[in-house]
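Okay, here's what each chain looks like letter by letter:
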Amino acid sequence: ENPDIQVKVITKDVNFRVKCDACGLDSEDYYKDYIGITEKDWLGVKTVSLSDDAINSLFDNGSIFEDNLELNLFENSYVICKGESQGKSVLGYYRKNNIYKLPENKQSQTKITPKNKEQRFSIHAIKDPAIPMVTLTGIAGSGKTFIVLMSAIDEIFDEKYERIIISRPIVPVGRD
């Protein structure tokens, strides 16, 4: 369907990589803490400094055009916009040369409320239909699984989906 898009299988399973090679699929080993992009230590969130006028515009209009700001952001990046004045800041996301103000979380059926900015970013990314895949990393107990399940239940209550399918990795016979 998309011949211009390169697909690569990332897996620790050596046998699977051999099968991929036999089928002509690109594959490589999974390396812990390796992100295949050029910007060092990119975590999907970037703090940017903006003028107070830009912060005000973001609050008033809901978005600002990034082109003359030269922030070098990746598509769907989340941003913490800090103003020149003490205490002026706004959370947002970057899409198509615009920084958009992160919308307030609407009241949900599950009553899920984020406890920090990372959880707000996660909930927004999971529920945004323009983002086809979301990968969350974090320490144990940070709420990754809870946020995903509660967001999925919200989507069912909103009648966007009919069911939740939870899959687990297939363990080959003879392995633990």
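Residues numbered from 1 in each chain as written. Predicted model: local features only at pLDDT ≥ 70, side-chain atom pairs only at ≥ 80, totals over all residues. Heavy atoms only, no water.

Student: Teacher, can you tell me more about helix H1 (residues 14-23) here?
Tutor: For the α-helix, the turn length of 3.6 residues means that residues three or four positions removed from each other point alike. Where H1 begins, the capping side chain belongs to Asp 13, and its oxygen is found 3.0 Å from the backbone nitrogen of Asn 15. After H1 finishes, the residue Gly 24 shows a positive phi value of roughly 85°. (Polar contact = N/O pair within 3.5 Å; in protein donor to acceptor, adjacent residues only side chain to side chain. Helix = DSSP H or I, 4+ residues; strand = E, 2+ residues; numbered from the N terminus.)

Student: Explanation requested: the sheet that holds strand S3 (residues 45-49) in the structure shown.
Tutor: The strands that make up a sheet are held in pairs by hydrogen bonds between backbone atoms, and each pair lies either parallel or antiparallel. One open sheet accounts for 5 strands, arranged S3-S5-S6-S7-S4; its pairing is mixed. Edge positions in the sheet fall to S3 and strand S4 (63-65), since each has one partner strand and no second. Each adjacent strand pair in this sheet contributes to an overall mean axis angle of 30°, direction not counted. Looking at chain direction, strand S6 (residues 89-95) and strand S7 (residues 98-101) are connected through 4 bridges and run antiparallel. Among the inter-strand pairings, Gly 92 is bridged to a residue of S7, identified as Lys 101. (Pairing = 2+ DSSP bridges. Axes fitted to C-alpha atoms, helices over the stretch in contact; angles between N-to-C directions.)

Student: Please clarify how the pattern of salt bridges should be interpreted in this entry.
Tutor: A side chain with one charge may pair with a side chain of the opposite charge, provided their charged atoms come close. For the structure on display, the rule yields 7 salt bridges. Ionic pairing is found between Arg 17 and Asp 29, a salt bridge with its closest N-O pair at 3.4 Å. Taken together, the residues Arg 17 in helix H1 and Asp 29 in the loop between strand S2 (26-28) and S3 connect sequence positions 12 residues apart. Between Asp 128 and Arg 95 there is a salt bridge whose closest N-O contact spans 2.5 Å. One end of the pair, Asp 128, is in the loop between helix H3 (117-127) and helix H4 (144-157); the other, Arg 95, is in strand S6, with 33 residues separating them in the sequence. Judged by its relative accessible area of 11%, Asp 128 is buried. Look at Arg 95 and you get buried, because its relative accessible area is 14%. (Salt bridge = Lys/Arg side-chain N within 4 Å of Asp/Glu carboxyl O. Buried < 20%, exposed > 50% of the residue type's maximum accessible area, 1.4 Å probe, protein only.)

Student: Just checking my understanding: could you explain the pairing of strand S5 (residues 78-82) for this structure?
Tutor: Regular strands place their side chains on alternate faces of the sheet. When you tally the buried positions in S5, you get 4 out of 5 residues, the bulk of the element. In this structure, S3 lies alongside S5, joined through 5 bridges in parallel fashion. Bridging across to S5, Thr 47 finds its partner in Ile 80. Taken together, the 5 bridges between S5 and S6 define a ladder with antiparallel strand orientation. Residue pairing for S6: Cys 81 is matched across the bridge by Val 90.

Student: Got a minute to help me understand the environment of Lys 101 in this structure?
Tutor: With respect to the element layout, Lys 101 can be found in strand S7. With a relative accessible area of 25%, Lys 101 lands in the partly exposed category. Through-space distance from the C-alpha of Lys 101 to that of Ile 80 is 9.9 Å; in sequence the pair is 21 residues apart. Look past the residues within four positions of Lys 101 in its chain and what remains in contact with it is Leu 58, Phe 59, Gly 62, Val 90, Leu 91, Gly 92 and Tyr 93. (Contact = heavy atoms within 4.5 Å.)

Student: Explain a nonpolar patch on the surface here, please?
Tutor: On the surface, a nonpolar cluster with roughly 270 Å² of combined accessible area is contributed by Leu 149, Ile 164 and Ile 166. Following the sequence through the fold, Leu 149 ends up in helix H4. (Patch = residues over 30% accessible without salt bridge, like charges linked within 9 Å, V, L, I, M, F, W, Y side chains within 5 Å. Areas by Shrake-Rupley, 256 points an atom, 1.4 Å probe, with all protein chains shown as cover.)

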